[in-house]
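The chain contents come next:
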Amino acid sequence: MPPPAFSATAGRRHDAWAFRLARTGDWLRRHQRAVRRLQWGVVIIYAVLLIGPNLIPLPGRSAHVWNDLTLFAQFVFWGIWWPGVLLSMLLFGRLWCGLLCPEGALSEAVSRRGRGRATPRWMRWPGWPFAAFVLTTVYGQLVSVYQYPGPALVILGGSTVAAIVVGYLYGRNHRVWCRYLCPVNGVFGLLAKLAPMHYGADMEAWARTAPDQGRTTQVTCAPLVPLRGLDSASGCHMCGRCAGFRDAIELRPRAPGSEVVQRGGLATRWESLLTITGLMGVAPGAFLWSASPWFIAIKLQLASWLVDAGILWPLQARLPWWLLTDYPGRNDVMTVLDGATLLIFVFAAAGVLTLAIAAPLLVAARILGPLRDLRRFHHLALALLPVAACGVILGLSAQTVTLLRADGVALPWVPEARATALALASSWSVVLLWQIAGRYARRSRRAIAALAGAGGIIAGLSPWLLLFWVW
Ligand code: SF4
């Protein structure tokens with residue numbers, strides 16, 4: 001038991017932190033107009049960075065990040081924006097979605113004057129977050145989205161147009177697109193579970209206070225989160241509009257990862273699939289293929305079979321740039337064979353990694369109890385989120401490193417920084433495994449299950465070790 005003086009100080013610090021967070025939530029609620037102005041500012045920056053590079057020629061040899069809009073936009077989008085957004089999910093929950101995301105802002109703005117139809121059933125299919133993430137990731141690789149402005153416009157701009165159309169057709173003052181179809185909604189929802197803050201409802205205060213009392217009485221939750229019993233950060237966009245509703249809802253601190261441990265028993269198979277196959281399978285596959293000697297080996301083998309069979313068109317056939325990378329002026333062309341090899345590589349990598357990560361988790365879940373409904377397996381899968389998030393952030397930031405090195409910026413500390421990040425993320429995952437196992441078993445069974453589950457962490461680290469240190 002810690003000495004009382006320490007406990008009191010820690011308690012006071014926690015109270016001060018909780019008080020400040022609650023005040024921040026209230027401040028946000030009272031400043032929604034400023035938030036909207038901020039959102040329109042981001043919409044303008046987003047439009048310039050997305051459309052501008054498509055109006056000028058591709059960068060020449062002497063172009064740099066600081067003197068060419070295309071390279072600058074690449075650097076900002078893939079080097080700063082996306083890794084920063086993912087990191088922000090771990091730190092602040094989905095604050096990005098509620099305060100800054102241009103798609104969400106546009107979709108909600110349009111829905112104010114739209115048709116306001118009910119959300120169709122097909123849209124509510126729980127597999128969309130996984131399917132949309134996988135399709136977007138793989139398609140992005142086929143068209144080289146990180147390298148060229150056209151594919152970036154097709155993917156990011158296409159998603160924005162879809163968000164606006166959905167906003168116009170469905171929901172009133174809501175973000176139906178964000179809730180059901182946004183390709184990164186599922187990933188953001190998973191990462192936000194690790195955040196050290198969330199909006200939560202105190203059910204005693206809720207019962208005491210009528211809806212027409214409290215610091216606010218009018219709430220429209222844009223992403224359609226049920227406010228009664230609000231506890232999870234997954235669907236909440238942290239917009240602050242409900243802060244003070246029935247004097248029960250507040251922005252609150254919590255232990256990082258506590259939602260994964262305490263509420264992870266409710267995780268679904270789609271969340272496991274997105275964590276293991278999506279974030280730890282398809283995503284590493286998409287980052288790995290271009291550096292992999294195995295990709296070359298598969299391609300050579302396929303080419304040799306095709307030549308032996310007298311089928312030569314896949315080795316020469318090209319497709320439009322919006323289907324398959326096609327920039328002959330820059331010596332960057334993917335043939336149909338290249339595209340097919342890429343698909344084989346990414347899906348094979350995803351399959352192998354899924355098996356390698358899921359098998360130890362299944363063993364761990366079995367040690368903790370019967371496997372009947374896989375509830376324990378889904379719960380344990382969430383423990384891998386720190387490693388999954390760290391891998392994807394490092395994969396994206398590799399783009400930043402490449403661009404900066406191409407411009408002569410030496411970054412000698414990068415390997416150590418990557419190793420440290422992966423080590424910290426793995427340690428966090430081990431702690432989560434231990435805490436989750438402790439909810440189902442004690443002593444030796446708990447320890448053996450956590451040890452078995454750690455095999456999933458090692459398997460999840462393997463593609464990043466190959467990419468950053470072996471190839
Ligand atoms: S629950 Fe809804 S209204 Fe409340 S902060 Fe989250 S997104 Fe905003």
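What you see is a predicted model; the values in this text were computed from it and never measured. (Residues numbered from 1 in each chain as written. Predicted model: local features only at pLDDT ≥ 70, side-chain atom pairs only at ≥ 80, totals over all residues. Heavy atoms only, no water.)

**Some words on the packing of helix H2 (residues 32-51) against helix H7 (residues 149-169)**
Turning to step 1, where the next piece is worked out: Packing of H2 against H7 brings their axes to within 10 Å, and their N-to-C directions diverge by 145°. Contacts from Tyr46, Leu50 and Ile51 of H2 reach H7 at Ala152, Leu153, Leu156, Gly157 and Thr160.
Turning to step 2, where the next piece is worked out: Among the residues forming the contact of H2 with H7, the class breakdown is six nonpolar, two polar and no charged. (Axes fitted to C-alpha atoms, helices over the stretch in contact; angles between N-to-C directions. Helix = DSSP H or I, 4+ residues; strand = E, 2+ residues; numbered from the N terminus. Contact = heavy atoms within 4.5 Å. Nonpolar A, V, L, I, M, F, W, Y, C, P; charged D, E, K, R; others polar.)

**Concerning the site of the ligand**
Turning to step 1, where the next piece is worked out: With respect to spatial proximity, the complete set of residues near the ligand consists of Tyr199, Cys221, Pro223, Leu227, Leu230, Cys236, His237, Met238, Cys239, Gly240 and Cys242.
Turning to step 2, where the next piece is worked out: For the shell around the ligand, the per-class residue count stands at nine nonpolar, two polar and no charged. (Near = heavy atom within 4 Å.)

**Brief notes about the domain arrangement of the chain**
Turning to step 1, where the next piece is worked out: Per the domain assignment, the segments of the chain are domain 1 (11-192) and domain 2 (267-470).
Turning to step 2, where the next piece is worked out: One C-alpha centre belongs to domain 1, the other to domain 2; they are set 23 Å apart.
Turning to step 3, where the next piece is worked out: Between domain 1 and domain 2, the contact holds 40 residues from the first and 39 residues from the second.
Turning to step 4, where the next piece is worked out: Here domain 1 packs against domain 2, burying approximately 3,400 Å² in sum over the two surfaces, 76% of which is carbon and sulfur.
Turning to step 5, where the next piece is worked out: Considering only the surface of domain 1 that becomes buried against domain 2, Phe130, Leu142 and Leu190 emerge as the three largest contributors, covering 21% of it. (Domains from an automatic or database assignment. Buried area = accessible area lost by both parts, 1.4 Å probe.)

**Side note on the state of the cysteines**
Turning to step 1, where the next piece is worked out: Scanning the model with the defined rule gives zero disulfides in all.
Turning to step 2, where the next piece is worked out: Here Cys182 is not cross-linked by a disulfide; its sulfur's nearest cysteine counterpart is in Cys178, at 6.2 Å.
Turning to step 3, where the next piece is worked out: Residue class for Cys182 comes out buried when judged on its relative accessible area of 12%. (Disulfide = S-S within 2.5 Å. Buried < 20%, exposed > 50% of the residue type's maximum accessible area, 1.4 Å probe, protein only.)

**Re the nonpolar core**
Turning to step 1, where the next piece is worked out: Trp81, Phe188 and Leu279 are the most contacted members of the largest nonpolar core, which has 103 residues in total.
Turning to step 2, where the next piece is worked out: Residue contributions to this core peak at 11 residues, all from helix H15 (residues 336-368).
Turning to step 3, where the next piece is worked out: A domain split of this core shows at least three residues from each of domain 1 (11-192) and domain 2 (267-470).
Turning to step 4, where the next piece is worked out: Setting aside chain neighbours within four positions, we find Leu279 in contact with Phe133, Val187, Leu190, Leu274, Pro284, Leu385, Ala388 and Val392.
Turning to step 5, where the next piece is worked out: Among the nonpolar cores identified, the runner-up in size contains 21 residues, and Leu21, Val35, Cys242 and Ala243 belong to it. (Core = buried A, V, L, I, M, F, W, Y, C linked by side-chain atoms within 4.5 Å.)

**Here's the deal with the packing of aromatic side chains**
Turning to step 1, where the next piece is worked out: Taken as a whole and judged by the stated rule, the model has 20 aromatic pairs.
Turning to step 2, where the next piece is worked out: Centroid distance Phe77 to Trp78: 6.2 Å. Interplanar angle 50°. Geometry classified as tilted.
Turning to step 3, where the next piece is worked out: Three or more aromatic residues link up through ring pairs in this structure, and these residues are Tyr46, Phe77, Trp78, Trp81, Trp96, Tyr146, Phe287, Trp464, Phe468 and Trp469.
Turning to step 4, where the next piece is worked out: Looking at Arg446, its charged tip hangs above the ring of Trp434, at a distance of 3.9 Å from the centre. (Phe/Tyr/Trp six-rings, centres within 6.5 Å; stacked < 30°, edge-to-face > 60°. Lys NZ or Arg CZ within 6 Å of the ring centre and 35° of its normal.)

**Regarding the pairing of strand S2 (residues 249-253)**
Turning to step 1, where the next piece is worked out: Where burial is concerned, the two faces of S2 differ: the one with Ile249, Leu251 and Pro253 is buried and the one with Glu250 and Arg252 is not.
Turning to step 2, where the next piece is worked out: Of the strand pairs in this sheet, strand S1 (residues 197-201) and S2 are connected by five bridges, and their pairing is antiparallel. Residue Met197 lies in a different strand from S2, and its bridge partner there is Pro253. (Pairing = 2+ DSSP bridges.)

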